[in-house]
Amino acid sequence: MKRVYIICSLAVLLGIAGGISFFLIRDANAAIPANTTFITQNGETFNFGKDKTKLKLIEFIYTHCPDVCPTTTQKMVDLKKDLLKKGIYGKDIEFVTITIDPYRDTTAILQEYKQGFGIKNDNNWLFLTGEKQQITESQKQLHKITDALQFQYKDPGNGQFIHSTFTYLVDENNKFIAKFPMGTEFNKQDVYNKIIDKIE
């Protein structure tokens, strides 16, 4: 009987280890498709395949979010100050905020959201959306990147999205490096250390 328990325990442990390995390998191989295209807060076209110059810290938000999204954005504002002091913000890394609600979050709305946090239009922190008039295509483009990074979201019909709570660091070729919790769990120092480690 004791032998059966040992065998069962080993089987469970191997199953857990296999599951963890699957998710680690999946994340490590994640990359944003080169043909993913959005519209910036300035109304300009942005293509991930053509932007291979810097690391990117990617945040998914929607501007009507009451808690997690604005909390994360504020923490990224604080992180930006530290990266500026180090002399690498804009030189080695840029921030990218992507709305999961391109129908409501127009370029004008994203400008208001950005300005509400005192974020200057320095071209090193991009706020991305889609064409409201072509919402089906905009959603397709959005799914290319959310599927690649395993970010999940859903609108239950009341405009208050249910979504994953991770931000993502990708390299110059838009390949996954690491992910970090959003909201109050976003640890500025952990993110800063990972960015510095990757650059140096």
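Figured I'd write up the structure that's included with this text. (Residues numbered from 1 in each chain as written. Predicted model: local features only at pLDDT ≥ 70, side-chain atom pairs only at ≥ 80, totals over all residues. Heavy atoms only, no water.)

**Quick notes on helix H2 (residues 68-86)**
Note the cut-off: Secondary structure elements follow DSSP: runs of H or I of four or more residues count as helices, runs of E of two or more count as strands, with numbering from the N terminus. The span expected for a helix works out to 1.5 Å for each residue beyond the first. Each residue gets one of three labels from its accessible area relative to the maximum for its type: buried under 20%, exposed over 50%, partly exposed in between, using a 1.4 Å probe on protein chains only.
Between the first and last C-alpha of H2 there are 27 Å, a value that for 19 residues agrees with the 27 Å anticipated at 1.5 Å per step. For H2, every residue scored as buried is listed here: Cys69, Thr72, Thr73, Met76, Val77, Leu79, Lys80 and Leu83. Once H2 ends, the next one or two residues include Gly87, with phi positive near 85°.

**Comments concerning the pattern of salt bridges**
To be explicit about the condition: The salt bridge criterion pairs a side-chain nitrogen of Lys or Arg with a carboxyl oxygen of Asp or Glu, the two atoms within 4 Å.
This structure, assessed with the given rule, holds 6 salt bridges. Note that Lys188 is salt-bridged to Asp82, the shortest N-O span being 3.1 Å. Linking Lys188 in helix H5 (residues 188-199) with Asp82 in helix H2, this pair joins segments that are 106 residues apart in sequence. Asp92 is the salt-bridge partner of Lys91, the closest N and O atoms lying 3.4 Å from each other.

**Let's talk about the sheet that holds strand S5 (residues 125-129)**
Put simply, the rule reads: Any two strands between which DSSP finds at least two bridges are classified as paired. Each axis is a line fitted through C-alpha atoms, taken for helices only over the stretch in contact, and angles between the N-to-C directions span 0 to 180 degrees. Note on contacts: a residue pair is in contact if any heavy atoms of the two residues lie within 4.5 Å.
Across the sheet, 7 strands lie side by side as S2-S1-S5-S4-S3-S8-S9; this open sheet has mixed pairing. Taken across any chain shown, the strands that pair with only one partner, and hence form the sheet edges, are strand S2 (45-47) and strand S9 (176-181). Averaged over all pairs of adjacent strands, the angle between their axes in this sheet comes to 30°, without regard to strand direction. Pairing of strand S1 (residues 37-40) with S5, which is carried by 2 bridges, proceeds in the antiparallel orientation. Along S5, the bridge assignment pairs Ile39 with Thr129. Contacts between helix H3 (residues 107-116) and the sheet are confined to S1, strand S3 (55-61), strand S4 (93-99) and S5, with S5 contributing the most and set at about 145° to the helix. Helix-sheet contacts for helix H4 (residues 135-149) involve S1, S3, S4, strand S8 (166-170) and S9, and the interaxial angle to S3 is about 110°.

**Quick word on H5**
We count it as follows: This arc is built from the directions going out from the helix axis to the C-beta atoms. For this analysis, a polar contact is any N or O atom pair within 3.5 Å, provided that within protein one partner can donate a hydrogen and the other can accept it, and provided that sequence-adjacent residues contribute only side-chain to side-chain pairs.
Its 12 residues give H5 an end-to-end C-alpha distance of 17 Å, which sits within 8% of 16 Å, the value for a rise of 1.5 Å per residue. Every buried residue of H5 is listed here: Val191, Tyr192, Ile195 and Ile196. For H5, the buried positions fall inside an angular range of 130° around the axis, keeping them on one side. Looking at the packing, one finds that the buried side of H5 touches S3, H2, S4, S8 and S9. The opening residue of H5, the one whose side-chain oxygen lies 3.1 Å from the backbone nitrogen of Gln189, is Asn187.

Taken by themselves, the reported measurements are silent on function.
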